[in-house]
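# Structural overview
Chain by chain, the residues run as shown.
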Amino acid sequence: DTGVSQNPRHKITKRGQNVTFRCDPISEHNRLYWYRQTLGQGPEFLTYFQNEAQLEKSRLLSDRFSAERPKGSFSTLEIQRTEQGDSAMYLCASSRPAGLNYEQYFGPGTRLTVT
Amino acid sequence: AQSVTQLDSHVSVSEGTPVLLRCNYSSSYSPSLFWYVQHPNKGLQLLLKYTSAATLVKGINGFEAEFKKSETSFHLTKPSAHMSDAAEYFCVVSDSGNTPLVFGKGTRLSVIA
């Protein structure tokens, strides 16, 4: 069990550029979640997947955001035309299927700074 | 809609004294409740969870929480604080552990030597 990994750990980009983050969940975890955490706040839910199916998207996930999990393993979160308000820590978590140990395990996060 | 209110944004205690971090929740049905801890530059770690079994839940590192439905509370306690407990603590509510989590704003715990 190597834990949830996220890459890159830090990303600095200029306003208007596109960025993509990657999350690798714990193997055999079929649910994968994305959250966003701004300074001084708790994480806020963005979206989650069961295998390759995207089950729910938060209203926080504007049209500039897109998430994929094409083979039901790793996931990517892309932000197009970044804005300064997108600066935050982007957290990924994974969990086992329903009925088993279902707590979410979090990765270390990707810190995005938009200048 | 579910929500969580952490009643203190910052709590400061002396090493060796008890810790109390307060949390109230709102949920239209029987929720799952969690406490997560976040140390600086580290990922979120689950401390403990309540999932409709025993109302007194024991977690890691000596932490406990009691689910009180009548008070809609889920306060986190520890009998004796250690310096290593200094961190940000989040109270969390969810339908179950593997559905989207709703986090409180966090309570920063400082431990004074």
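I will try to describe carefully the structure that is included in this document. (Residues numbered from 1 in each chain as written. Chains lettered and ligands numbered in written order. Predicted model: local features only at pLDDT ≥ 70, side-chain atom pairs only at ≥ 80, totals over all residues. Heavy atoms only, no water.)

## Quick word on the overall build of chain B
Spelled out, the test is: The helix and strand labels rest on DSSP assignments: H or I over at least four residues marks a helix, E over at least two residues marks a strand, and numbering proceeds from the N terminus. For a compact globule the rule gives 2.2 Å times the number of residues to the power 0.38, and the radius of gyration it is set against comes from C-alpha atoms.
If you tally the helices and strands in chain B, you get zero helices and twelve strands. Of the regular secondary structure in chain B, the N- to C-terminal order runs β-β-β-β-β-β-β-β-β-β-β-β. Whereas a compact globule of 113 residues would reach a radius of gyration of roughly 13 Å, chain B reaches 13 Å, a difference of no more than 12%. Dimensions of chain B, computed from the C-alpha atoms along their principal axes, are close to 40 × 30 × 20 Å.

## Focus on the interface of chain A and chain B
Here is the rule: Note on contacts: a residue pair is in contact if any heavy atoms of the two residues lie within 4.5 Å. Buried area, as used here, totals the accessible surface that two parts lose on assembly, with accessibility defined by a 1.4 Å probe and the loss added over both. Each salt bridge in this description consists of a side-chain nitrogen of Lys or Arg and a carboxyl oxygen of Asp or Glu lying within 4 Å of one another. Whenever two N or O atoms come within 3.5 Å, that pair is a polar contact, provided that in protein one can donate a hydrogen and the other can accept it, and provided that, for residues adjacent in sequence, both atoms are side-chain atoms.
With 24 residues of chain A at the interface, the matching set in chain B holds 17 residues. Between chain A and chain B lies a buried interface of about 1,600 Å² when both sides are counted; carbon and sulfur atoms form 54% of it. If you sort the residues of chain A by the area they bury against chain B, Tyr102, Glu103 and Phe106 of chain A come out on top, with a joint share of 35%. Our count for the chain A to chain B interface comes out at one salt bridge. Residues Glu103 of chain A and Lys49 of chain B are paired through a salt bridge, measuring 2.7 Å at the closest nitrogen-oxygen approach. The interface formed by chain A and chain B holds four residue pairs in polar contact (both at pLDDT 80 or more) in total.

## Regarding the nonpolar core
Formally: Joining through side-chain atoms within 4.5 Å is the link that ties buried Ala, Val, Leu, Ile, Met, Phe, Trp, Tyr and Cys residues into a set, and such a set is a nonpolar core. Categorising residues by exposure relies on relative accessible area from a 1.4 Å probe, with only protein chains included: less than 20% of the type maximum marks a residue as buried, more than 50% marks it as exposed, and the intermediate range marks it as partly exposed.
Core analysis: the biggest nonpolar cluster contains 26 residues, and Trp35, Leu48, Phe74, Leu76 and Tyr89 of chain B have the highest contact counts within it. At four residues, strand β10 (residues 87-94) of chain B tops the list of elements feeding residues into this core. Apart from the residues lying within four places of it in its own chain, the contact partners of Leu76 of chain B are Val19, Leu20, Leu21, Trp35, Leu47, Leu48, Phe63, Glu64, Ala65 and Tyr89 of chain B. In terms of nonpolar packing, the next biggest core, distinct from the first, is built from 19 residues, Phe21, Ala67, Ile79 and Tyr90 of chain A among them.

## Thoughts on the sheet that holds strand β8 (residues 75-79) of chain A
All names here are of chain A. Going by this rule: Strands qualify as paired when DSSP identifies two bridges or more between them. Here, axes are lines fitted to C-alpha atoms. For helices the fit covers the stretch in contact, and angles between N-to-C directions go from 0 to 180 degrees.
Pairing is antiparallel in the open sheet, where four strands are placed in the order β1-β3-β8-β7. Strand pairing shows two members of the sheet lacking a second neighbour, β1 (5-7) and β7 (65-68), which therefore form its edges. Direction aside, the axes of adjacent strands within the sheet are offset by 15° on average.

## Brief notes about the packing of aromatic side chains
Applicable threshold: Only rings of Phe, Tyr and Trp enter the pairing, Trp through its six-membered ring, and a pair is recorded when the two centres are within 6.5 Å. The plane angle decides the type: under 30 degrees is stacked, over 60 is edge-to-face, the rest tilted.
For the structure on display, the rule yields 16 aromatic pairs over all chains. Centroid distance Tyr35 of chain A to Phe103 of chain B: 5.8 Å. Interplanar angle 80°. Geometry classified as edge-to-face. Of this pair, Tyr35 of chain A sits in strand β4 (residues 31-37) while Phe103 of chain B sits in strand β11 (residues 102-103), which puts the two residues in different chains. Side by side, Tyr35 of chain A and Phe103 of chain B carry an identical accessibility label, which is buried. Ring plane angle 25° and centroid distance 5.8 Å describe the contact between Tyr25 of chain B and Phe67 of chain B, whose orientation is recorded as stacked. Placement of the pair is Tyr25 of chain B in strand β4 (residues 23-26) and Phe67 of chain B in strand β8 (residues 64-68), with a sequence separation of 42 residues.

These figures come from the coordinates and say nothing about function on their own.
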